[in-house]
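# Examination of the molecular architecture
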Amino acid sequence: MRWHEPITPEEKLAVTLRYLATGESFRSLAFAFRISYSYISIIVKEILAVLKQNLMPIFLPDPNMTDFKTKADEFWTRWNFPNCILAIDGKHVRIRCPNNPGSLFFNYKDYFSTVLLAMVDANYKFVAIDVGSYGREGDSGIFLKSTMGQQILNGVFKFPEDSALPGTDIIVPHVILGDQAFRLHKHILRPFSQKSARGDKCKTVFNYRLSRATRVTENAFELLSQIFRVYYQPINIAPTTVDDLIIVTCCLHNMLRDAYLENNGKAYYQFDQECSTENNNMRSFSGEGGFINMEEVRVRDIFKDYFENIGAVPWQM
């Protein structure tokens, strides 16, 4: 115990960052820093709240202030998907059973979790996130009630003006890419179902091109858990503090991505290959849902035909 000297802000920050980077228990951190483990729990909670308040305006600003035209150019250059500004996906983050939770946090995969829903750009940076949904909630319901979902579906989200697909005069909206958990929309593309794509080469190619582009979300989540290994086991803190933890680690992830992109070198924080495994403590959404209309089908069919003709690339087969 440290009876004669106060714990400095620097030490408090060091304890918190050590916890995020390693996921060590508070008792283990108590031996390393010679601070009571019960007080470490207070330190982590306080420091995460301060970091959230100060980092969010810098590394997770209002997405409507983002230059989405540049984001679309990056997706086309790097991932060969035109008029795409972001990809969206969600993860169930495993947590310890909270006190008196009922069944709110218990999800269909038979463990307790809270949900991280994120929109990611072509460089694996988080542009917008929604945290704190209960693990038991349905995938489409989480998106529909989130701020980002409401903005997109209500036409408030500031998409760039519709523009022509490269090499054509076909005008289409800018889109966000997602998987089957998300509703097909004028501005949201999801893959064709396996049943409808079976035996249809055009739909299979479209699904592959979309899957390749949405790999950015899996890579972003994989990078997040590799750097912040607190995600490698169930997080044993209060759910409200878990929300702050997720927000802070996403901000720090963006800070590291900015550093890598500015240095323009081959750093350890590069991750271009497809993820081969899934972290058991960060599990994907699954299932299909949502209603579609003819306008949404038409937009997806335009992209499908484009990838089969002018937008075809040699490796897509």
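The text that follows walks through the structure, step by step, so that each part is easy to find. (Residues numbered from 1 in each chain as written. Predicted model: local features only at pLDDT ≥ 70, side-chain atom pairs only at ≥ 80, totals over all residues. Heavy atoms only, no water.)

### Some words on the overall build of the protein chain
To keep it simple, the criterion reads: Numbered from the N terminus, helices here are DSSP runs of H or I no shorter than four residues, and strands are runs of E no shorter than two. Throughout this description, buried means an accessible area under 20% of the type-specific maximum (1.4 Å probe, protein chains only), exposed means over 50%, and partly exposed covers the range between. Note on contacts: a residue pair is in contact if any heavy atoms of the two residues lie within 4.5 Å. Only the protein chains shown count as cover for residues, with accessible areas throughout obtained via the Shrake-Rupley method and a probe of 1.4 Å.
From N to C terminus, the protein chain includes 11 helices and eight strands. Burial statistics for the protein chain: of 317 residues in total, 51% are counted as buried. By sequence separation, contacts in the protein chain at least 24 residues apart represent 70% of the contacts at least 6 residues apart. Accessible surface, the protein chain as shown: approximately 15,300 Å² in total, 53% of it carbon and sulfur.

### Some thoughts on the packing of aromatic side chains
Counted only if it meets this: Centres within 6.5 Å make a pair out of two Phe, Tyr or Trp rings, where for Trp the six-membered ring is used; the pair is then stacked when the planes are under 30 degrees apart, edge-to-face when over 60, and tilted otherwise. Should the NZ of a Lys or the CZ of an Arg lie within 6 Å of a ring centre and within 35 degrees of the ring normal, that charge is described as sitting over the ring.
If you walk through the whole model with that rule in mind, you get 14 aromatic pairs. Between the aromatic rings of F81 and F307, the centroid separation amounts to 4.9 Å while the plane-to-plane angle is 70°, which identifies the pairing as edge-to-face. A residue pair is termed long-range when its members are at least 10 positions apart, and F81 in the loop between α4 (68-79) and β1 (84-94) and F307 in helix α11 (residues 294-308) qualify at 226 residues. Residue F307 is classed as buried on the basis of its relative accessible area of 0%. Aromatic pair F157 and F159: ring centres 5.0 Å apart, planes at 55°, arrangement tilted. For the residue pair F157 and F159, the accessibility class agrees, reading buried in each case. In textbook terms, an aromatic cluster arises when at least three aromatic residues are bridged by ring pairs, as seen for F81, F192, F206, F303, Y306 and F307. Lying over the aromatic face of Y37, R27 brings its terminal NZ or CZ to 3.9 Å of the ring centre. For R300, the ring lying beneath its charged end belongs to F192, and the centroid distance is 4.0 Å.

### Considerations on the pairing of strand β2 (residues 113-120)
Going by this rule: Paired strands, in this sense, are two strands between which DSSP finds at least two bridges.
Burial analysis of β2 places eight of its eight residues in the buried class, the great majority of the element. Both faces of β2 are covered, namely the face carrying S113, V115, L117 and M119 and the face carrying T114, L116, A118 and V120. Looking at chain direction, β1 and β2 are connected through eight bridges and run antiparallel. Paired with R94 across the strands is S113, a residue of β2. Bridge analysis of β2 against strand β3 (residues 126-134) gives seven bridges, and the strand direction is antiparallel.

Honestly, that's just the spatial picture; any functional story needs more than this.
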